[in-house]
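# Reading the structure
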Amino acid sequence: DVNITRYWVYGGDENIRNLILYMDNRFYGNTTAVDQPKPAAKDRPEVVFILGGESYIPLFRKAGENSSLNVTVYSSKHLPAELNLTTYDLIFLQMIGAGITQIEPAINEAKEKGIPVMIIHPGVYGYLGTINMTEHPWVEEYWDNGGIENVRRLLTYIGVEFCGINATIEEPLSTPLEGIYHPDSEKLFENLTEYLEWYKATGKYHPNKPTIGIVFYDGHYKTGDIKIENRIINELEKREVNTIPTFLYYKNPDIINKFFIKENETIVDAIISLRCFRFYGRAPEKGIEELKRLNIPIINAIIDYSMTPEEWRESKEGVAAARTPYTIAQPELDGQIEFIIVGGRAIEPETEEIGFRPLEPINEQVDWLVNRTLSWTRLHRLNNSEKKIAIIYYNHGGGKDNLGASYLDIVPSLKNLLDAMKKEGYDVEVEVPDEKELLDLMLHQGRNIGTWAPRELEKMVENESLILIPAEEYKSWFNELPANKREEVIDKWGEPPGKIMVYENE
């Protein structure tokens, strides 16, 4: 019985008292309340972990409960107001960036007292460390392979190598660099064939329905912080849509062929990506070629790692400007689209004090993501000749920018686009006119007329180049909008149909 061993090894009055009660319950049928075995903190080396990623915090808390070390763990984003690191036997840093103005002075003070500092994934802050990590490669392997068992082994390694603990070091437990995950399976699938066999056997597979690939960070899988992914999977499967949820190894740009291509054919209709930056971070150009080969829509689902769902709803901000470059701009370089926020960090009282806020889906946003993905899937399955495309060009106000968008030459661009679409099989019903004729059509048939030039609108109507919508029909469409949206329009533009682009006759 491992608890008996732990009570004895941890020692101290409380553990021995609880040992007697535990054995009385275990062997003599009593039911006295008894505490779990707890190491005596005063007898154990003190190690503090300051982590850039919040998801590992509960793993360290749990592993530390039965460790020979007394473990303190912080998120670098949620540090105590007065950070004193001089009382610890070792300081462990991981991917810090946030909180650096508070961390660095505290580290320097601790280093003056000779306290060793271990740092992994240092970025530009490697100079803070005092331990040569090339001599301890297992430390990063414990971390990168993830999971509670590797965290336990990491604590043992640190205890033996740096804190004088007498224990047996075990090598890092290897976990796959990539795999197919499903919340209904305890097994992680390392190849597509094995997953599809399991998937079909569960009855979840619908051969005539679309299949959606889902790509997320391996860290979410390895820490179990995966509620957002589970919600997306469940919402898709409620609609009898097949899913292939995967985490990919960002250093290997060929890995996508393992899970989304079978017998040289793409087997997914769309991909939902929950990752930032480029799709293949270290080989973006090769990544673009692979994505061209897939030739499917890639919808980008954004997780806001700094806000709770409630804070995001109240912010009316969308994606914060500071995060736009890596959450939107870089993925756009790979042709990713939509960019829908689907989750944030939840506040749970029992974990907030230690800086851990688990990832939480924003349910209405997930619903929107699923709807948009399935719409793109339907569109992807249509022949180009069946698709209806609206092209909206810049035409605002009067003067020199009216059809030029700050001197961008939109007329030849439109002609090039229409010619290319015609070659791709889109149903462009007429011959695309030359640039001069196209500009003439846009000026006389396809522009907004300001209220200051009513005669221009009359000319467009009189040459029968426009389609007129009766005001009553327009009002009936308008009244189908939600009340709050109608109010927004009326506040800005007045009662429908308004005054702009409105023609009245007898």
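Note that the structure is a prediction, hence the values are computed from the model and not measured. (Residues numbered from 1 in each chain as written. Predicted model: local features only at pLDDT ≥ 70, side-chain atom pairs only at ≥ 80, totals over all residues. Heavy atoms only, no water.)

## Describing helix 15 (residues 363-381)
Selection criterion: The helix and strand labels rest on DSSP assignments: H or I over at least four residues marks a helix, E over at least two residues marks a strand, and numbering proceeds from the N terminus. Here the expected span of a helix is defined as 1.5 Å times the quantity of residues minus one. Note on exposure labels: buried denotes an accessible area under 20% of the residue type's maximum, exposed denotes more than 50%, and partly exposed covers the range between, all computed with a 1.4 Å probe on protein chains only.
Counted at 1.5 Å a residue, the expected span for helix 15 with its 19 residues is 27 Å, and the 27 Å between its end C-alpha atoms agrees. Taken as a whole, helix 15 has its buried residues at Q365, V366, L369, V370, T373, L374 and T377.

## Overview of the nonpolar core
Our working definition: What is meant by a nonpolar core is a set of buried Ala, Val, Leu, Ile, Met, Phe, Trp, Tyr and Cys residues, joined one to another through side-chain atoms within 4.5 Å. Any two residues whose heavy atoms approach within 4.5 Å at even a single point are treated as in contact.
By size, the foremost hydrophobic cluster in this structure holds 27 residues, and its most contacted members are F49, L51, F60, L69, F92, V139 and I158. Counting only elements with at least two residues in this core, the list comes to strand 1 (46-51), helix 3 (57-64), strand 2 (70-75), strand 3 (90-94), strand 4 (117-120), helix 5 (137-145) and helix 6 (148-163). No other element matches helix 6, which puts six residues into this core. Setting aside anything within four residues of it in sequence, one finds F60 in contact with F49, L51, V71, V73, W143, V151, L154 and L155. L188, V342, V366 and L369 belong to the second largest nonpolar core, which has 25 residues in total.

## A look at a nonpolar patch on the surface
Where we set the bar: Without a salt bridge and with relative accessible area above 30%, a residue can belong to a patch; like charges are then joined within 9 Å and nonpolar side chains (Val, Leu, Ile, Met, Phe, Trp, Tyr) within 5 Å. Only the protein chains shown count as cover for residues, with accessible areas throughout obtained via the Shrake-Rupley method and a probe of 1.4 Å. Salt bridges are identified by distance alone: a Lys or Arg side-chain nitrogen within 4 Å of an Asp or Glu carboxyl oxygen.
Together, W8, V9, I16 and I20 give the surface a local cluster of nonpolar side chains, amounting to about 460 Å² of exposed area. Elements with a contribution of two residues or more to the nonpolar patch: helix 1 (2-10) and helix 2 (13-28). Considering the arrangement of structural elements, one finds I16 in helix 2.

## Here's the deal with the sheet that holds strand 12 (residues 337-345)
Counted only if it meets this: Here the rule is simple: two strands pair whenever DSSP picks up at least two bridges between them. Axis angles are defined between N-to-C directions and span 0 to 180 degrees, where every axis is a line fitted to C-alpha atoms and, for a helix, only to the segment in contact.
In space, the seven strands of this open sheet follow the order 5-7-6-10-11-12-13, with mixed pairing throughout. Two strands close off the open sheet at either side, each with one partner strand: strand 5 (179-180) and strand 13 (359-361). Looking at chain direction, strand 10 (residues 270-273) and strand 11 (residues 298-303) are connected through three bridges and run parallel. The partner of S273 across the bridge, within strand 11, is N300. Lying over the sheet, helix 7 (residues 192-202) contacts strand 5 and strand 7 (242-247), oriented at roughly 140° with respect to strand 7.

## Thoughts on the pairing of strand 1
Condition: Crossovers are marked right-handed if the path from the first strand over the helix to the second runs clockwise, as seen with the strands pointing away from the viewer.
Most of strand 1 is tucked away: five of the six residues are buried. Here strand 1 runs beside strand 2; their pairing, made up of six bridges, is parallel. By the bridge assignment, F49 is partnered in strand 2 with V73. Taking the sense of rotation as the criterion, the β-α-β connection linking strand 1, helix 3 and strand 2 turns out right-handed. Note that strand 1 and strand 3 share five bridges and pair parallel. Bridging from a neighbouring strand, V48 pairs with I91 of strand 3.

## Comments concerning the environment of E265
Within the secondary structure, E265 is located in strand 9 (residues 265-266). Overall, the relative accessible area of 54% leaves E265 in the exposed class. E265 sits 210 residues away from S55 along the chain, and the two C-alpha atoms are 36 Å apart.

## Section: the layout of surface pockets
Basically, it comes down to this: Using protein atoms alone on a 1 Å grid, points that fit a 1.4 Å probe yet trap it form a cavity, whereas open point sets bounded by protein on both sides within 12 Å along at least five of seven lines form a pocket; residues with an atom within 4 Å of a point count as lining. Grid points are joined across faces, edges and corners, and a volume is the space filled by probe spheres set on the points. Each residue gets one label: Ala, Val, Leu, Ile, Met, Phe, Trp, Tyr, Cys and Pro are nonpolar, Asp, Glu, Lys and Arg are charged, and the others, such as Gly, are polar.
Each pocket or cavity is described by its volume, and for the largest pocket that value is around 1700 Å³. Lining the largest pocket are 45 residues; nearest its centre among them are Q94, M95, Y217, D218 and G219. Classifying every residue of the lining of the largest pocket by side-chain character gives 17 nonpolar, 15 polar and 13 charged.

## Details of the pattern of salt bridges
A side chain with one charge may pair with a side chain of the opposite charge, provided their charged atoms come close. This structure, assessed with the given rule, holds 30 salt bridges. Among the ionic pairs, E194 bridges to K187, the shortest N-O distance being 3.2 Å. Given a relative accessible area of 41%, K187 falls into the partly exposed group. Its salt-bridge partner being D269, residue R381 comes within 2.8 Å of it at the nearest N-O pair. Taken together, the residues R381 in helix 15 and D269 in the loop between strand 9 and strand 10 connect sequence positions 112 residues apart.

## Some points on the packing of aromatic side chains
Definition in use: Each Phe, Tyr or Trp ring (for Trp, its six-membered ring) is paired with any other whose centre lies within 6.5 Å, and the angle between the two planes then decides the class: stacked below 30 degrees, edge-to-face above 60, tilted in between.
Counting across every chain of the model gives 22 aromatic pairs. A centroid spacing of 5.9 Å and a plane angle of 35° characterise the contact between Y195 and W198, whose relative ring orientation is tilted. You can see Y195 and its partner W198 sitting in helix 7, three residues apart, about one turn around the helix. The class of Y195 is buried, set by a relative accessible area of 0%.

## Considering helix 3
Heads up, the rule is: By construction, the arc corresponds to the directions joining the helix axis to the C-beta atoms.
I57, L59, F60, A63 and G64 are the residues of helix 3 that are buried. The arc that holds every buried residue of helix 3, seen down its axis, measures 165°, which confines them to one face. Where the residues of helix 3 are buried, they touch strand 1, strand 2, helix 5, helix 6 and helix 8 (218-223).

## Thoughts on the pairing of strand 10
Residues A270 and I272 of strand 10 are buried on one face, and the alternating residues I271 and S273, pointing to the opposite face, are buried as well. Alignment of strand 6 (residues 211-216) against strand 10, held across four bridges, turns out to be parallel. Note on strand 10: the bridge partner recorded for V215 is S273.

## Section: unusual backbone geometry
In this model, P496 is joined to P497 through a cis peptide bond whose omega is 5°. Relative to the helices and strands, P497 resides in the segment after helix 20 (483-493). With a phi angle near 60°, F277 is a residue other than glycine that sits in the positive phi range. The residue F277 is located in the loop between strand 10 and helix 11 (284-294) in this model. Since its relative accessible area comes to 40%, F277 is described here as partly exposed. Even without a glycine there, the phi angle at N295 is positive, about 55°. Tracing the backbone through its elements, the reader meets N295 in the loop between helix 11 and strand 11.

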